[in-house]
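Each chain, letter by letter, is given below.
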Amino acid sequence: MRHIISLLLENEAGALARVAGLFAARGYNIEALTVAPTEDPTVSRMTIVTRGDERIIEQITKQLNKLIDVIKLLDISGADHIERELMLLKVRTHNGYDREEIKRLSDIFRGRIIDVTACSYVIEMTGDSAKLDAFLANLTPGQIIEVVRSGPTGILRGERGLHL
Amino acid sequence: MVFRVFRVELSGAEIVVQALKDEGVEFIFGYPGGAVLHIYDALFGQEDVKHVLVRHEQGATHMADGYARATGKPGVVLATSGPGATNLVTGIATAYMDSIPMVVLTGQVPTPVIGSDAFQECDTVGITRPCVKHNFLVKDRRKLAETIKKAFHIATTGRPGPVLVDIPKDITDPNVKVPYHYPETISLRSYKPKVKGNPRQIKKAAELILQARRPMIYAGGGVILGEAAPELTEFTRLLGFPITLTLMGLGGYPGTDRQFLGMLGMHGTYEANMAMHECDVLIAIGARFDDRVTGKLDAFCPYAKIVHIDVDPASIAKNVPVDIPIVGQVKPVLTDLIAELKASGKKPDADALAAWWQQIERWRAVDCLRYDRESPLIKPQYVIEQLWEATRGEAYVTSDVGQHQMWVAQYYKFDRPRHWINSGGLGTMGFGMPAAIGVKLAHPDSDVVCVTGEASIQMCIQELSTALQYKTPIKIVNLNNRYMGMVRQWQEFTYESRYSHSYMDTIPDFVRLAEAYGHVGMRIEKPEDVRPALDEAFRMKDRLVFLDFITDRTENVYPMVEAGKAQHEMRLPPWINVDRELA
Ligand SMILES: Cc1cc2nc3c(=O)[nH]c(=O)nc-3n(C[C@H](O)[C@H](O)[C@H](O)COP(=O)(O)OP(=O)(O)OC[C@H]3O[C@@H](n4cnc5c(N)ncnc54)[C@H](O)[C@@H]3O)c2cc1C
Ligand SMILES: Cc1ncc(C[n+]2csc(CCOP(=O)(O)OP(=O)(O)O)c2C)c(N)n1
Ligand SMILES: [Mg+2]
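What you are looking at is a predicted structure, and each value in this text was computed from that prediction instead of being measured.

## Brief notes about unusual backbone geometry
Keep in mind that most residues, glycine aside, have a negative phi and that most peptide bonds are trans. Residues and elements named next belong to chain B. Each neighbour pair has its own omega, and for Tyr558 with Pro559 the value is -10°, a cis peptide bond. The residue Pro559 is located in the loop between β22 (545-550) and α22 (578-582) in this model. In this structure, Cys301 takes a positive phi of about 40° despite not being glycine. With respect to the helices and strands, the residue Cys301 is situated in the loop between α12 (291-294) and β15 (305-310). In this model, Arg482 sits at a positive phi of 55°, which is unusual for a non-glycine residue. Summarising the element assignment, Arg482 is placed in the loop between β20 (475-480) and α19 (485-494).

## Some remarks on the sheet that holds strand β16 (residues 324-327) of chain B
Residues and elements named next belong to chain B. With respect to topology, 6 strands assemble into an open sheet ordered β13-β12-β11-β14-β15-β16, the strand pairing being parallel. Each of the sheet's edge strands pairs with one partner strand only, and the pair in question is β13 (260-263) and β16. The mean angle between the axes of side-by-side strands here comes to 15°, regardless of whether they run parallel or antiparallel. Where strand β12 (residues 243-245) meets β13, 2 bridges bridge the pair, whose relative direction is parallel. Across the sheet, the residue bridging to Leu245 is Met263, located in β13. The strands touched by helix α8 (residues 199-211) within the sheet are β14 (281-285), β15 and β16, with β16 carrying the most contacts at an inclination of about 135°. Set on the sheet, helix α11 (residues 270-278) makes contact with β11 (215-219), β12, β13 and β14; between it and β13 the angle comes to about 105°.

## Focus on a nonpolar patch on the surface
Residue and element names in this part refer to chain A. On the surface, Leu86, Leu88, Ile114 and Val148 cluster together into a nonpolar patch covering about 290 Å² of accessible area. Tracing the sequence through the fold places Val148 in strand β8 (residues 144-149). A relative accessible area of 44% means that Val148 is categorised as partly exposed.

## Quick notes on the site of ligand 1
All names here are of chain B. Inspection of the region around ligand 1 gives 35 residues, with Thr246, Arg288, Asp310, Ser315 and Gln329 positioned closest. For ligand 1, a nitrogen atom lies 3.1 Å from a polar atom in the backbone of Val311. The fraction of the free accessible surface of ligand 1 (990 Å²) that becomes covered by protein chains is 97%. Every element with two or more residues in the shell around ligand 1 is listed here: α9 (221-225), α12 and α16 (403-411). Looking at which element gives the most residues to the shell around ligand 1, the answer is α9, with 3 residues.

## Remarks on the pairing of strand β9 (residues 153-156) of chain A
Residues and elements named next belong to chain A. Where burial is concerned, the two faces of β9 differ: the one with Gly154 and Leu156 is buried and the one with Thr153 and Ile155 is not. As judged from the 4 bridges shared by strand β5 (residues 81-92) and β9, these two strands associate in the antiparallel manner. If you follow His81 over to β9, its bridge partner there is Leu156.

## A closer look at the interface of chain A and chain B
Interfaces are often sized by the amount of accessible area the parts lose when they come together. On the chain B side, the residues contacting the 19 residues of chain A number 16 residues. Our enumeration of links across chain A and chain B arrives at 2 salt bridges. A salt bridge links Glu10 of chain A to Arg189 of chain B, with the nearest nitrogen and oxygen atoms 2.8 Å apart. Where chain A meets chain B, there are 9 residue pairs in polar contact (both at pLDDT 80 or more). Listing elements by their share of the side of chain A that touches chain B, those giving two or more residues are α1 (15-25), α2 (54-66) and β4 (70-75) of chain A. Residues that form the side of chain A that touches chain B fall into these classes: 7 nonpolar, 4 polar and 8 charged.

## Re the coordination of the magnesium ion (ligand 3)
Residue and element names in this part refer to chain B. Protein ligation of the magnesium ion (ligand 3) involves Glu454 (OE), Glu454 (OE), Asn481 (OD1) and Tyr483 (O), the donor distances falling in the range 2.0 to 2.6 Å. In this structure, the magnesium ion (ligand 3) is surrounded by 6 donor atoms whose angles at the metal cover 51 to 177°, and the resulting shape is irregular. Donor residues for the magnesium ion (ligand 3) sit on one chain with the sequence pattern E-x26-N-x1-Y. Pair noted here: Glu454 is in the loop between β19 (448-453) and α18 (463-469) and Asn481 is in the loop between β20 and α19, with a separation of 27 residues, a long-range link. The two residues Glu454 and Asn481 agree in class, both being buried.

## With respect to the sheet that holds strand β8 (residues 162-168) of chain B
Within a beta sheet, neighbouring strands are joined by backbone hydrogen bonds and run either parallel or antiparallel to one another. Residues and elements named next belong to chain B. Spatial ordering of the open sheet is given by β4-β3-β5-β6-β8-β7, a layout of 6 strands whose pairing is parallel. Looking at which strands have only one partner, the edges of the open sheet turn out to be β4 (50-53) and β7 (134-137). Shown here is a sheet whose adjacent strand axes are inclined to one another by a mean of 20°, direction ignored. As defined by bridge partners, strand β6 (residues 102-108) adjoins β8 across 7 bridges and the pair is classed as parallel. Bridging across to β8, Val103 finds its partner in Val163.

## Some remarks on empty space enclosed by the protein
All names here are of chain B. This structure, assessed with the given rule, holds 2 cavities of 30 Å³ or more. Approximately 50 Å³ is the volume found for the largest cavity. Cys368, Arg370, Tyr371, Gln381, Trp407, Gln410, Tyr411, Asn556, Tyr558, Pro573 and Trp575 together form the lining of the largest cavity. In terms of residue count, the dominant contributor to the lining of the largest cavity is α16 (3 residues). If you add up the space inside the second largest cavity, you get close to 30 Å³. Lining the second largest cavity we find Gln489, Trp490, Phe493, Thr494, Met560 and Glu562.

Scoring rules and cut-offs
- Residues numbered from 1 in each chain as written.
- Chains lettered and ligands numbered in written order.
- Predicted model: local features only at pLDDT ≥ 70, side-chain atom pairs only at ≥ 80, totals over all residues.
- Heavy atoms only, no water.
- Helix = DSSP H or I, 4+ residues; strand = E, 2+ residues; numbered from the N terminus.
- Pairing = 2+ DSSP bridges.
- Axes fitted to C-alpha atoms, helices over the stretch in contact; angles between N-to-C directions.
- Contact = heavy atoms within 4.5 Å.
- Patch = residues over 30% accessible without salt bridge, like charges linked within 9 Å, V, L, I, M, F, W, Y side chains within 5 Å.
- Areas by Shrake-Rupley, 256 points an atom, 1.4 Å probe, with all protein chains shown as cover.
- Salt bridge = Lys/Arg side-chain N within 4 Å of Asp/Glu carboxyl O.
- Buried < 20%, exposed > 50% of the residue type's maximum accessible area, 1.4 Å probe, protein only.
- Near = heavy atom within 4 Å.
- Polar contact = N/O pair within 3.5 Å; in protein donor to acceptor, adjacent residues only side chain to side chain.
- Nonpolar A, V, L, I, M, F, W, Y, C, P; charged D, E, K, R; others polar.
- Donors = N, O, S within 2.8 Å, 3.2 Å for Na, K, Ca; no water.
- Tetrahedral: all angles 85-135°; square planar, octahedral: opposite > 155°, others 65-115°.
- 1 Å grid on protein atoms, 1.4 Å probe; cavity = no way out; pocket = protein on both sides within 12 Å on 5 of 7 lines; lining within 4 Å.
- Points joined across faces, edges and corners; volume = space filled by probe spheres on them.

Rendered as structure tokens:
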């Protein structure tokens, strides 16, 4: 099962290495990881996407909690939550047909074209990871120059939140 | 944070030494080098923190570790950057695996050159990260005192463990002084280990315990670490239940008591492992369901409902699912559980318990630890039994790793906690002798013995020199079987006796080696000389005596749960036929 674990951790040098090292040492899988400071500069927020059965996820959360730099964590996939990932995508647009077709498709997926040259577009798109996957599936491999994905971040719906 | 207000200004080096004093540190085990020279200069001429100069940094970690295990206080280590720090890694990992409180201070190259492959630079924080509870790189001398306080706080609370503080040389510069404040207490928002257990869980546990018909208590190192031997003893006696201890738990309940079934696990007793397998309620206390205990996981305690008390939530349900988890320190949890049981006014079913004990006594009658007492060769088990008698069971005993370690665990009946000191989790050969030096420094008036093997002892043999310098007259009992016995035993059992590189063709003359280091050496070759030699050695109160016992080299450790087997599928010695015994 895919899980999204949100963490608040001390914004200390090495905190990221501790988390990454834990996953490597214990053989847990990291599908994606994002991290950035929060409104409180001493605290970072990290989002980890991982996979595993219930027992493994339980161990992952316990082992993460054990790290001294981890202040709080929550498996947000267990609750009603919103997930968003940012994708920047560069595509080839050799002819008028491509340009029209890609623009139309991007509009359908609520993407924005943020850079244009004679033969390329840069498209910005956010959504949950499945939506970004679906968009990519509609392009042919020859059209894609590069794909940059941020990895998902997430937040709980409603008033409840992960905060200090 | 509460600050004691000092109007003093100190250099980083002075801060290190003053912080150790304020922390009440008695001994620091260390070895100098460029990056810590400022600190060594600050140590010079003061007597509050006694520095023990080792011969190899690994020795320093094991001494600090032995000191910590024997006292409950954190062991403190100091080493230089680069090779000094890398030499510590084995000892830090040893302490980490057994949850031993330790604070390790290392020098680092000056801040401006970090990352430039400077002389004796290594990423100490990176190298040690996976084997410490936490570590720090100090980049601001104004935070040095507070960081050292944090290190002691983290090392000694919750589930204890080693904490490393890496200090760049410029931070300890004697010419730059800053105000010194050593916080008396500290609180970290990200670290709040639990102490008391959840009352609802404790109530549930009491209910389950009172319904047990074939109960079993399985306790481990957490009882020793959490100073809970008195509570465990009261709990066990109150209920009249059988109890077994892990290798790390020995001494947590009196080893000579009838309710004690001996150690469990790979080299546990027949009765302990059988009772584990057949029990219907298992009360696990400060033990972590290690694979050397459980054997094949899916056949572990198949009939049992399990209560597990542990301060570390990650220990609970890690290997084995648990019915009633209780997160907290053993001591307060057992105190509350005892109160709950007493308040209930109920007792477990007496008839069921009597029948269970009858069954256990039949297993015990197999007498699985019996061995050949008529042999003309010295049997290692005999040496340990005699050691136990000669020291009235009161010595602090350290060991290295191998067969000799298991024989101490089986034949030296520890009645008190913190007297059995060995590397269980990492299984570090070379641990025993330096650890014994650390123990002897802590308890100069007690007998301290290191039981070792001729292979293990050579891994930190250089510390014999440290032992002379600091007048730590420990006794070394070398069970010399001219084999890496534990390796040879596995090769005998699973590799058709192909003894691949488990034998050393060249073994030093330990008597002369001991003498060369300024100690007394004795070689003992006949069973009748074992006891007189031990007695003579213990009479030499102020000398380190190296007793080289030439033992039966073919002896194996029994019982044994071989790899992949379930806990009750033990290999017993060839001279015991269980079916006949139980018939
Ligand atoms: C050659 C060899 C053979 C071995 N054979 C055996 C064997 O036959 N049998 C055996 O038992 N072991 C054996 N071992 C040792 C084994 O590898 C493990 O080290 C040992 O079983 C672990 O003991 P433990 O479960 O008591 O845990 P420890 O490592 O002592 O861990 C303590 C547990 O208690 C918890 N804890 C710590 N402090 C507290 C507190 N204050 N309150 C509550 N909980 C606390 C910790 O979180 C942890 O879960 C062998 C080792 C070697 C080298
Ligand atoms: C540092 C280290 N290297 C290797 C091992 C693997 N090992 C475990 S026991 C053992 C043999 C120990 O021999 P000895 O000290 O003579 O003890 P004996 O088993 O003969 O009593 C070895 C090599 C280890 N535990 N530690
Ligand atoms: Mg040997």
